[in-house]
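# Remarks on the overall topology
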Amino acid sequence: MTQETGSIAGIPQLPPAQAFEVLSGGDAALVDVRTRAEWAWVGLPDLSPIGGQPVLVEWQRYPDMTRNPAFVEQVLGALGDATPAKLLFLCRSGGRSQQAALSVAAALSEKGLAVECCNIAEGFEGDLGPDNHRGGVNGWKVRGLPWVQS
């Protein structure tokens, strides 16, 4: 069983390695809420080693970063009838994914569905380092988890 690093507004915060462990255990899905530009230029989590693939739905749209009004419907549509017990949300550093997790958790609760929505606390690229660059302090990539770049 994995240990979360706490909870923010009722959303468990999981470090990337623990998130990958949860995904490896089955009955969980990863929702990457970054933009199409981030997926293309920065990379994607590679879940093929555990027989999965991320659900890709933008929380905000590039380049103006307006909120995607159809986000919840698109996530639920991508999951279809196979809604897992846990949904793990990922963005660059954990901020957008927190908001996305809250939004989906509220929608699922209204539908009477018991799905735990979690935030991947460090995100894909992590926090800014002393050089004001991401990708060197923490995050999915720095933790050595599988990822691919197109």
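Above this text you will find the structure in question.
Here the residue numbering is sequential within each chain, running from 1 through the sequence in written order. The model is predicted, so local features are restricted to residues of pLDDT at least 70 and side-chain atom pairs to those at 80 or more, both for listing and for counting; the totals for chains, interfaces and linings are taken over all residues. Heavy atoms throughout the structure, all of them, feed into the side-chain values; hydrogens and water do not.

## Focus on the pairing of strand β2 (residues 11–14)
To be explicit about the condition: Relative accessibility thresholds used throughout: buried, under 20% of the residue-type maximum; exposed, over 50%; partly exposed, between the two (1.4 Å probe, protein chains only). Secondary structure elements follow DSSP: runs of H or I of four or more residues count as helices, runs of E of two or more count as strands, with numbering from the N terminus. In this analysis, strands are considered paired if DSSP registers two or more bridges between them.
Both faces of β2 are covered, namely the face carrying Ile11 and Gln13 and the face carrying Pro12 and Leu14. Sheet analysis places strand β1 (residues 7–8) next to β2, joined by two bridges and oriented antiparallel. Within β2, the residue paired with Ser7 across the bridge is Pro12. As consecutive antiparallel partners, β1 and β2 are separated by two residues, and within that stretch Ala9 has a phi angle of approximately 55°, a positive value. Pairing of β2 with strand β9 (residues 116–120), which is carried by two bridges, proceeds in the parallel orientation. Bridge pairing links Leu14 to Ile120 in β9.

## A few points about the nonpolar core
Filter applied, for reference: Residues grouped as a nonpolar core are buried Ala, Val, Leu, Ile, Met, Phe, Trp, Tyr and Cys residues, joined through side-chain atoms within 4.5 Å.
Val31, Val33, Phe71, Leu87, Phe89, Val104 and Cys117 are the most contacted members of the largest nonpolar core, which has 22 residues in total. Elements with a contribution of two residues or more to this core: β3 (28–32), α3 (71–79), β8 (86–90) and α4 (95–110). Among the nonpolar cores identified, the runner-up in size contains 16 residues, and Ala28, Cys118, Trp140 and Leu145 belong to it.

## Section: the pairing of β8
The following threshold applies: A crossover gets the label right-handed when its path from the first strand over the helix to the second runs clockwise, viewed with the strands pointing away from the viewer.
Within β8, four of the five residues are buried, which leaves the element mostly enclosed by the surrounding structure. Of the pairings in the sheet, the one linking β3 to β8 comprises five bridges and is parallel in character. Along β8, the bridge assignment pairs Asp32 with Leu90. Alignment of β8 against β9, held across four bridges, turns out to be parallel. What sits directly across from Leu87, in β9, is Cys117. Chirality of the crossover, the property in question, places the unit of β8, α4 and β9 among those that are right-handed.

## Notes on the environment of Leu14
Here Leu14 is to be found in strand β2. Remark: the alpha-carbon pair of Leu14 and Arg61, spanning 47 residues in sequence, is separated by 25 Å.

## Some remarks on the packing of aromatic side chains
Here is the rule we go by: Only Phe, Tyr and Trp rings take part, Trp by its six-membered ring, and two of them pair if their centres are within 6.5 Å. Stacked means planes under 30 degrees apart, edge-to-face means over 60, and tilted covers everything else.
Applying the stated criterion across every chain yields a total of four aromatic pairs. Between the aromatic rings of Trp41 and Tyr62, the centroid separation amounts to 6.1 Å while the plane-to-plane angle is 90°, which identifies the pairing as edge-to-face. Highlighted residues: Trp41 in helix α2 (residues 36–41) and Tyr62 in the loop between β6 (60–61) and β7 (66–67), separated in sequence by 21 residues. Relative accessible area serves as the criterion here: at 47%, Tyr62 is assigned to the partly exposed category. Ring centres of Phe124 and Trp147 lie 6.1 Å apart, and the angle between their planes is 85°; this geometry places the pair in the edge-to-face category.

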